[in-house]
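# Coordinate inspection notes
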Amino acid sequence: MNKEQFLKSLDKSLKRLSSDERREIIQDFEEHFAFGLEEGKTEEEIAASLGSPNQIAKELLASHHMEKVEATASTGNIFRAVWAVIGLGFFNLVIVLGPFIALAGVAFAGWATGIAFIVSPLLVLVNAVIYPETFALFDLFLSIMLSGLGLFIAIGMFFATRGLSSGFVRYLQFNVKLVKGGMKHD
Amino acid sequence: MNVQFKKGILEICVLVLLDKQDRYGYELVQKISDKIEISEGSMYPLLRRLTKEGYFTTYFQESTGGPARKYYKLTEQGRNYLHEQMQEWKEFSRAVNQLIEEGVSNE
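Here goes a summary of the coordinates provided. (Residues numbered from 1 in each chain as written. Chains lettered and ligands numbered in written order. Predicted model: local features only at pLDDT ≥ 70, side-chain atom pairs only at ≥ 80, totals over all residues. Heavy atoms only, no water.)

Under the criterion given, the structure shown has 13 aromatic pairs over all chains. Here the aromatic rings of Phe29(A) and Tyr44(B) are separated by 4.8 Å at their centres, their planes lie at 55°, and the arrangement is tilted. Of the two residues, Phe29(A) is situated in helix 2 (residues 19-38) and Tyr44(B) in helix 3 (residues 43-52); the pairing between them involves two chains. The class for Phe29(A) is buried, based on a relative accessible area of 1%. On the basis of relative accessible area, Tyr44(B) is assigned to the buried category, the value being 3%. A network of ring pairs unites the aromatic residues Phe35(A), Tyr24(B), Tyr26(B), Tyr59(B) and Tyr71(B) as a single cluster. (Phe/Tyr/Trp six-rings, centres within 6.5 Å; stacked < 30°, edge-to-face > 60°. Helix = DSSP H or I, 4+ residues; strand = E, 2+ residues; numbered from the N terminus. Buried < 20%, exposed > 50% of the residue type's maximum accessible area, 1.4 Å probe, protein only.)

On to the pattern of salt bridges. Opposite charge on two side chains permits them to pair, given that their charged atoms come into close proximity. Counted according to the given criterion, the structure contains 15 salt bridges over all chains. For the salt bridge of Lys20(B) with Asp19(B), the shortest nitrogen-to-oxygen distance reads 3.4 Å. Put simply, Glu21(A), Glu24(A), Arg48(B) and Lys52(B) are held in one network by salt bridges that share partners. (Salt bridge = Lys/Arg side-chain N within 4 Å of Asp/Glu carboxyl O.)

This next bit is on the nonpolar core. Counting 38 residues, the largest nonpolar core has Phe6(A), Leu10(A), Phe29(A), Val14(B) and Phe56(B) as its most contacted members. Broken down by element, the residue count for this core peaks at seven residues, all from helix 1 (residues 3-20) of chain B. Other than its neighbours up to four places away in sequence, Phe6(A) contacts Met1(A), Phe29(A), Phe33(A), Ala47(A), Leu50(A), Gly51(A), Pro53(A) and Ile56(A). Of all hydrophobic cores here, the second largest spans 11 residues; its members include Met66(A), Ala81(A), Phe168(A) and Val176(A). (Core = buried A, V, L, I, M, F, W, Y, C linked by side-chain atoms within 4.5 Å. Contact = heavy atoms within 4.5 Å.)

With that settled, consider the sheet that holds strand 3 (residues 69-74) of chain B. Residue and element names in this part refer to chain B. In spatial order, the strands read 1-3-2; together these three strands make up an open sheet with antiparallel pairing. Here the strands that pair on one side only, and so sit at the sheet edges, are strand 1 (23-24) and strand 2 (56-61). The pairing of strand 1 with strand 3 spans two bridges and is antiparallel. If you follow Arg-23 over to strand 3, its bridge partner there is Tyr-72. (Pairing = 2+ DSSP bridges.)

This part takes up the interface of chain B and chain A. Opposite the 29 residues of chain B that make contact, chain A presents 28 residues. Carbon and sulfur atoms make up 54% of the area that chain B and chain A hide from each other, which totals about 2500 Å². Here chain B is connected to chain A by four salt bridges. Of the charged contacts in the structure, one is a salt bridge between Lys70(B) and Asp28(A), with a shortest N-O distance of 3.1 Å. On inspection of chain B and its partner chain A, the count reaches 11 residue pairs in polar contact (both at pLDDT 80 or more). Of all the secondary structure elements, the ones that give two or more residues to the side of chain B that touches chain A are helix 1, helix 2 (25-35), helix 3, strand 3 and helix 4 (76-105) of chain B. Ranked by the residues each element gives to the side of chain B that touches chain A, the list is headed by helix 3 of chain B, at five residues. (Buried area = accessible area lost by both parts, 1.4 Å probe. Polar contact = N/O pair within 3.5 Å; in protein donor to acceptor, adjacent residues only side chain to side chain.)

This next bit is on the packing of helix 1 (residues 3-13) of chain A against helix 2 of chain A. All names here are of chain A. The interhelical angle for the contact between helix 1 and helix 2, taken along N-to-C directions, is 160°, at an axis separation of 11 Å. As far as their axial angle goes, helix 2 and helix 1 are roughly antiparallel. Here the hand of the crossing between helix 1 and helix 2 comes out right-handed. Taken together, the residues of helix 2 that come into contact with helix 1 (itself represented by Lys-3, Phe-6, Leu-7, Leu-10 and Asp-11) are Arg-22, Ile-25, Ile-26, Phe-29, Glu-30 and Phe-33. Here the contact of helix 1 with helix 2 is built from residues that sort into seven nonpolar, no polar and four charged. (Axes fitted to C-alpha atoms, helices over the stretch in contact; angles between N-to-C directions. Parallel < 35°, antiparallel > 145°, perpendicular 65-115°, else oblique. Left-handed = near helix turned anticlockwise from the far one by under 90°. Nonpolar A, V, L, I, M, F, W, Y, C, P; charged D, E, K, R; others polar.)

And the structure:
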């Protein structure tokens with residue numbers, strides 16, 4: 001691989017980054033090539049000792065996505081960070097994706113239940129309009145009670161979702177450290 | 001040597017090389033790759049990460065003939081981190097050496 005191929009391949013793998021950041025990174029590597037050439041190495045030798053552009057891009061992307069998640073924990077960001085961490089190693093597929101799917105499933109089920117409860121009086125009323133003969137006050141009161149219960153569930157889910165996502169971000173950070181082989185004990 | 005294990009150690013190497021003087025990227029990479037076998041490209045993500053964490057600042061300086069050099073300078077925070085890491089490394093390597101010696105003398 002020569003310099004141009006190396007830089008092109010690296011640049012292509014870094015599409016997700018802002019153009020400023022990409023330029024800086026490419027500049028670092030251009031500088032590296034320039035000094036290597038000055039020392040009399042060939043472009044191919046330099047590219048070979050740099051290693052795979054893909055691997056370099058993976059490392060850059062993983063730490064980039066972690067920063068974004070720390071700054072703003074939006075769903076999209078968390079999702080992208082999950083993918084970036086998975087990209088670090090297939091080994092991680094199970095330990096990252098597994099808990100993520102489980103947590104997302106629990107959160108989804110909670111919200112679905114809450115929302116269904118809240119709108120249940122509406123369903124009773126709709127039913128009463130379509131089949132007036134089946135209308136029973138008991139159904140209406142029961143559904144109003146469910147609606148109240150649903151409100152509590154929704155409020156609970158709001159805090160639970162927040163707690164779950166911040167807990168998961170911490171789990172991701174732990175994972176990046178683990179994959180990167182951090183020797184810290186914390 | 002194990003790749004992940006090496007990465008943790010590379011951090012200490014970079015920090016300690018910057019303790020006494022500022023250096024530019026290529027120089028850092030060469031200093032380390034002279035002694036330890038690494039894929040040189042992975043040093044740049046490491047340098048970027050440590051810079052973003054506030055352990056280095058960077059500045060450009062023209063060099064005679066060549067391209068401008070991007071220099072890395074250790075911050076106060078970086079220096080504290082280096083001392084922490086060195087302490088941990090010393091304890092760790094002492095323990096490993098001790099285990100090795102015990103292992104050898106038992107043979």
